[in-house]
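Working through the structure, step by step
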Amino acid sequence: MIRLIVGRLAMGVVVLWAVATVSFFALRAAPGGPFDEERAAPPEVMRNIEERYHLNEPVLVQYGRFLAGVARFDFGHSMKRQQTVGEIIRNHAPYSARLGVFALTIAITLGVLLGVLAAHRQNRLGDHAAMTISLIGISVPSFVLGPVLIMVFALGLFWLPPARAEGFSSYILPAATLGLIYMGTIARLTRSGMLETLRQDYIRTARAKGVSERAVVWKHGLRLGLIPVVTYLGPATAGLISGSFVVEKVFQIPGLGYSFVASIQDRDYPVLTGVLVFYATFLVLLNLAVDIAYGVIDPRIRDKR
Amino acid sequence: MTVPRARSTTAAALAAAALACACGLPDTEYFGQVPDVSDRPRHLRFCNSGEPEGLDPATVSSTTAMKPVYALFDGLTDYDQNGLPEPSLATHWDVSDDVRRFTFHLHDKGRWSNGRPITAHDVRYQVIRVLHPSTASVNADGLEPLKNALLYNRGAARMVLRDTAGLRAGDVVEVLAVDGKTAAAWNAADTSPPDANVRRGSAPLALRDLGAPVADAYATVPAGADVTIVELSGDPLRPGRDTWAYVHFNRGDGVYGWVPYAELDVAPHAGVTYRVRVVAPRHTPGVALTQAQLETPDPPRPAVDVAGADVLMLPEVLGVRVLDDHTIAFETTHPTPWFVSISNNRVLRPTPREAVSRWPRRWTDVAHIVTSGPMRLVAWRQRDRIELARSPTYWNQDEVKLDRLTIFAMDDQSAATNFYFTGGCDALTANHVPASYVRKLKGRYKDFEINPYLGIYMTITHTEVFPSRHFRRALAYAIDRTQIPKFLHGGQVPTAQFTPGVPIAQLSDADLALCGVTRDTPGVAMLMITGELCYVPPPGLDFDPEKARAELELARQELGDAFPSSITFKFNQGNEGHKLIAEYLQAQWQQVLGISVTLEVQEWKTFLSDTKGGRYQTARFGWIGNFPDAEAEFLPMFQCDSPNNRARWCNPAFEAAMAEVKPIRDRKARLVKLREAERIMIEDAPIIPLYVYVQLNMQKPYVRDLSPNFPDQPPLHEAWLDPTWRQGDGPDGRPAP
Amino acid sequence: MVATTAPARVEAPAGRSLWADAWRRLRRNRMAVGAGVYIAVMLVFCVVGPWIAAAVGGLDATTQDIDHGAQGPSWRHWFGTDPLGRDMLVRTMMGGRLALIVAFTATAVALVVGVTWGSTAGFVGGRTDEAMMRVVDVLYGFPVVVFVIVLMSVLQTKSLVVLFALIGAINWMTMARIVRGQVMSLRHREFVEAARALGAGPGRIVARHLIPNTLGPIIVYATLQLPHVMLTEAFLSFLGLGVQAPEASWGTLVAEGAEKMVVYPWLLIGPAVVMASTIFALNFLGDGLRDALDPQTRKD
């Protein structure tokens, strides 16, 4: 296990380098620069700005400067805002994290519940009802679901704030919007995983031995049945955190996803690469955790490794 | 054919929600909740259009940033309720007869938040900061009329320090080449020329405030490290033992500071050869040139070579001079009648040297900032909100009605409008209501109004791709602008004229007389100075299908095989209106001219890059002026060398007309000539104006003295909340809805 | 519901009986059949609908009638009109054509790439697996928006084919992970060992034994992929990189409708109901297919 972890971490460094490099060159290849505006500045003014941010240097020199910074965990200064990339991550990541944890809690709790219920009552009313509910999250895009929730709970009933992150109550609607999307997927994966598992020999054995149905489902079945869900948790968590920008925008939550997308639109190169490397680090660790979780849940994988 | 019936619960839920929203707009007098504000009559919560890119008046440029910046920093003048300059730090100003010298007289009551008096030196320092290359400010452009401003900004305007090679000490020269290479050659090689302003100290340099002892130094430059001289105290031509130098140490975030000039004892680029040419006689701002001097053009001077140590880039070359602590004079290259109009601009709002020196990039942090305006900075939560409070050091306390001002960063229109609806903020910044809402808001809620705005929406045509004038004119004649407000619903003013303004039909009788038009004249007029100056742009190529087809026929004959069978139209995403306009133009050109049009929507920066780089055929474009002046803010974009000349239209007749405008001193005569220039442009159709922008404004009924103005710079600190508004007999201090 | 078949079946019977079995079971699932019928109706609605609308009502998706713009549903315009006065019903039908073409093609691309990648990694294991999964990690860490903006700008193309390829290229990674996970848990099962003992090569084992045994999750995920693809397409259109105006897909219509929901609800309701119900039906059909095709429930 230790070897696995060390090996994966070593690979992780390579992954981070690749992500940093690709993003560095990709955004610079995209048309437009951070200082292009509708009202264009005279060339002499632009030249001073480019000099200040080293944008006039050959790309490879900029790349070397960038890598040297990354090695010291210094991603530099934003080209559009009066902050360093580190400050931007520190300021905005907590909002996304709160939103993500809340949303994931909703998604997993409801999703697993619905999925198990559906598998347990396959092709019966409970199954159809559970799947229908889970499908609401899948079928309705967040840019529709969010405004609809706002319309009803904020503008219609005045129960919850329609925007901004100010206290717990303001996270309810965005977390629900975000969570429902993943809830649907988790419910479906749980269902199919559970169906698969409930047919296994050992479940039959358990049943034959007279283990109660509740224990069969929740204790023995869920363990293997959750493998697809665990697989999905990696991308889901990443998506929740990085892809939550639509929700962050609709609800005006100053999270990192929102800063990230803004950095692409602004061509704020240092922020983009910095946030991206931050995300990638997170993903590498997350995937490692998922792989370890695999081993814990399914001893067969662990033993055969 | 059957419409499939939705049988799913999703559909049912959607339908229910949609029903809820269809009836969601309440049938009330005001849009959404009107909270009780009796507990906070002096606290305004304002929904801004996003996160400002910074708070430094020298570098910020977005209208988003101007809201907090103008509350924090005072200017020579400020915006009044109509958006025009009103005295602030300056009590009055003089304009010389040749309209090239502007002398502002400051009162002595101005104080920084640290208690230091605000003087003319602070204003000059701001001009230097904005223009100095190390600040790298996009706003340098805004000081373009100031003498030698852009030459200084690119490091090419320098001052000769002693008599040498046919030059006299004090001559201002333009650098043509450094070490045998022109600026273009250095640029092409992606390197900077060696700079004669770079110095080193053979001992460590203690950076401090002017005249302070070494013990008060806030930064130390290691011995032998490069610093750049920005400014010299005293007479730069005779640096003596008491002379100090203000230097920039470019490491980390950078730092500026004063050191005794004598300590800068190493000049690494002293031997570099500069090839220079005298640009103008030594000027003395505040003193008018004689008539003879004015009318005699400078004879061309030969280029000469000079050693680097003899030429320094110093602010003395600029057309700005402090006459005494409370008098500052500006000099411009040409007669610039609109110079006073920029006196409330960010580029002339002083910034505190003591803070900027220590933390050049971070001086606006809450811990470091020193301000001069009616409000001071209390907290700045990025992308969330900025908290301001009344500044106890502001000189004009009577004018400040607020104790507290909260500015929310809300860049999503729907979210901001929803937030306003639930009473989260008291007022929305201009145009922060989704355009599609307007039809339901207009005339229904008393807290919504539509006001004129200083912007023009147009299409641009790449004139190198479509060199045929007839073809471009055909495109312009084919568009029926009156249809546009019908599908945009925003109250836009359809126009074929370029310079925006107020519809002539809405002018008062006095303004009609001022503009020299009658009420039934079609089109718009721009009121430049209330009661004094009005500009009526020349008529454009308005909808006329017959003429359109006739022009197209001419173009067909002219172009022969080169006649374009189809064209592409580019627009940027992010605004629902752009797409509707594009689809409408496509249909019109197809219908009237039979030209097939391909639409191409692009992400914003890509769109900017493509239009600027000439990679388009036709495209949408918008232009918003900072102040109402056709000459300063609108027509320069059609000059051949303008970076904003995206149509790549270059017309000698237009250039000549614009050149003729420049020396004219009488404003009315100037406008007559200007109108001729604009007519040349509009007749040649490099652009097709479509409509004049409007401002959509929302504010709760209890908000007082926050009146929207033409350039969208309402003085926020003058606003206040009236908790007893319901008892009042109609709104006072508020324009009627 | 309790399965009675041992999973360790050595060899799948001839294809015909497998698919015949599946078809038999699928027909017994009324929800799935209903969903299938609904999808068929929706295909007809999108493919044939515009012609009927043109023939009967003289309506099309592009003719503008600004004086009758932004009006709610009426006898003439069942879904109302957009601000330029275009018929929303026909626009929804035309949008469906695009959305369905994009969704199915892109999913197919994602499926082929993802299954190949995932099964290879999972089966071969070891370093190859490591390397292949790290490639997936890198692509995961890569922001879709940058990828798309760069690609679309560099290619300077606006064709639908590129759009398919892009969406497929964006979405195959999760599929690869899931297939890999399944294959990893299957590859040491008895039936695989048996096949190997009988001399089957790796290609044959993957193609004949492993992939069929992972069809369940693949189909489930593919159905989950379809709405995801539709939403990705909408997202791209929203960014200005999708279907070009004046054409509009469901995603575009819904995205625009959501913006105007407060004022013109019909701009959202029509397209959203049609799109959501189609996604719904696709998912139900996917479930049915899953139950029918899963090799492990073949003879219940």
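Definitions and limits used
As a convention, each chain's residues are numbered from 1 in the sequence order in which they are written. Just so you know, chain letters begin at A and ligand numbers begin at 1, following the order they were written in. In keeping with the predicted nature of the model, local features appear solely for residues at pLDDT of at least 70, side-chain atom pairs appear and are counted solely at 80 or more, and the whole-chain, interface and lining totals rest on all residues. Only hydrogens and water are set aside when side-chain values are computed; all heavy atoms of the structure are taken into account. Angles here are taken between N-to-C directions and fall from 0 to 180 degrees, while the axes themselves are lines fitted to C-alpha atoms, restricted in helices to the stretch in contact. Strands here mean DSSP runs of E at least two residues long; helices mean DSSP runs of H or I at least four residues long; both are numbered from the N terminus. Left-handed is the label given to a crossing in which the near helix is rotated counterclockwise from the far helix by less than a right angle, and right-handed is the label when the rotation is clockwise. Under the convention adopted here, Pro, Cys and the residues Ala, Val, Leu, Ile, Met, Phe, Trp and Tyr are nonpolar, Asp, Glu, Lys and Arg are charged, and Gly plus all remaining residues are polar. As used here, the term nonpolar core means buried Ala, Val, Leu, Ile, Met, Phe, Trp, Tyr and Cys residues forming a set that is joined through side-chain atoms within 4.5 Å. Burial classes follow relative accessibility: with a 1.4 Å probe on protein chains only, a residue under 20% of its type's maximum area counts as buried, one over 50% as exposed, and anything between as partly exposed. Domain ranges listed in this record stem from an automatic or a database domain assignment. In this description, the term disulfide denotes a pair of cysteine sulfurs within 2.5 Å. In this analysis, strands are considered paired if DSSP registers two or more bridges between them. By the convention used here, residues are in contact when the closest approach between their heavy atoms is within 4.5 Å. The span expected for a helix works out to 1.5 Å for each residue beyond the first. N or O atoms within 3.5 Å of each other form a polar contact, as long as, within protein, one can give a hydrogen and the other can take it, and as long as residues adjacent in sequence are counted only when both atoms are side-chain atoms. The patches reported here contain residues having more than 30% relative accessible area and no salt bridge. Joining distances are 9 Å for like charges and 5 Å for nonpolar side chains (Val, Leu, Ile, Met, Phe, Trp, Tyr). The method behind every accessible area is Shrake-Rupley, applied with a 1.4 Å probe, and residues are considered shielded solely by the protein chains displayed. What makes a salt bridge here is a side-chain nitrogen of Lys or Arg within 4 Å of a carboxyl oxygen of Asp or Glu, nothing more. In this scheme Phe, Tyr and Trp rings, the latter by its six-membered ring, pair at centre separations within 6.5 Å, and the angle between planes marks the pair as stacked below 30 degrees, edge-to-face above 60, and tilted otherwise.

1. Some thoughts on the packing of helix α4 (residues 85-120) of chain A against helix α7 (residues 169-198) of chain A
Residue and element names in this part refer to chain A. One can describe the packing of α4 onto α7 by two numbers: an axis separation of 6 Å at closest approach and a directional angle of 35 degrees. Read as a crossing pair, α4 and α7 show a hand that is right-handed. Grouping the constituent residues of the contact of α4 with α7 by class yields 25 nonpolar, 4 polar and 2 charged.

2. Structural notes on the nonpolar core
Formed by 280 residues in total, the largest nonpolar core has its most connected members in F104(B), F330(B) and L405(B). Counting residues per element, this core draws most heavily on α4(A), at 14 residues. Counting only domains with at least three residues in this core, you end up with domain 1 (3-49 + 374-447 + 714-727) and domain 2 (453-501 + 537-694) of chain B. Core analysis: the second largest hydrophobic core is formed by 41 residues, A478(B), F569(B), I581(B) and L690(B) among them.

3. Looking at the state of the cysteines
Residues and elements named next belong to chain B. Applying the stated rule across the entire model yields 3 disulfides over all chains. C515 shares a disulfide with C534; S-S distance 1.9 Å. Classification of the bridge connecting C515 and C534 rests on its S-S torsion, roughly 105 degrees, and on that basis the disulfide is right-handed. Here C534 lies in strand β28 (residues 533-535) and C515 lies in helix α12 (residues 509-515), a separation of 19 residues in the sequence. Judged by its relative accessible area of 11%, C515 falls in the buried class.

4. A look at the sheet that holds strand β27 (residues 524-529) of chain B
Residue and element names in this part refer to chain B. Pairing in this open sheet of 3 strands is antiparallel, and the strands run β26-β27-β28 from one edge to the other. In this open sheet, the two strands that pair with only one neighbour each are β26 (502-503) and β28. Note that β26 and β27 share 2 bridges and pair antiparallel. In the sheet register, P503 faces β27, and the bridge partner there is V524. Where helix α18 (residues 667-684) meets the sheet, its contacts fall on β27 and β28, and the angle it forms with β28 comes to roughly 10 degrees.

5. Examining helix α4 (residues 88-124) of chain C
Residue and element names in this part refer to chain C. Relative to the 54 Å expected for 37 residues at 1.5 Å per residue, α4 spans 52 Å between its end C-alpha atoms, a close match to the ideal helical length. Sitting at the head of α4, D87 places a side-chain oxygen 3.2 Å from the backbone nitrogen of L89. At the C-terminal side of α4, G125 shows a positive phi close to 70 degrees.

6. Notes on a nonpolar patch on the surface
There is a patch of nonpolar side chains on the surface, built from F25(A), V59(A) and L60(A) and spanning about 270 Å² of accessible area. Examined against the element boundaries, F25(A) turns out to sit in helix α1 (residues 2-29).

7. Considerations on the sheet that holds strand β19 (residues 327-331) of chain B
To summarise the sheet geometry, strands pair through backbone hydrogen bonds and adopt either a parallel or an antiparallel arrangement. Residues and elements named next belong to chain B. The antiparallel open sheet is built from 4 strands, whose spatial order is β4-β5-β19-β18. Looking at strand neighbours, the two that pair on one side only are β4 (90-95) and β18 (320-324), the edges of this open sheet. In this sheet, neighbouring strand axes are inclined to one another by 20 degrees on average, regardless of whether the strands run parallel or antiparallel.

8. As for the packing of aromatic side chains
Residue and element names in this part refer to chain B. Tallied over the entire structure, the rule returns 42 aromatic pairs over all chains. Ring centres 6.2 Å apart and planes at 20 degrees place the aromatic pair W604 and F607 in the stacked group. Of this pair, W604 and F607 both sit in helix α15 (residues 604-612), 3 residues apart, which is roughly one turn of the helix. Every member of this aromatic cluster is reached through a ring pair, and the members are W93, F102, F104, F330 and F339.

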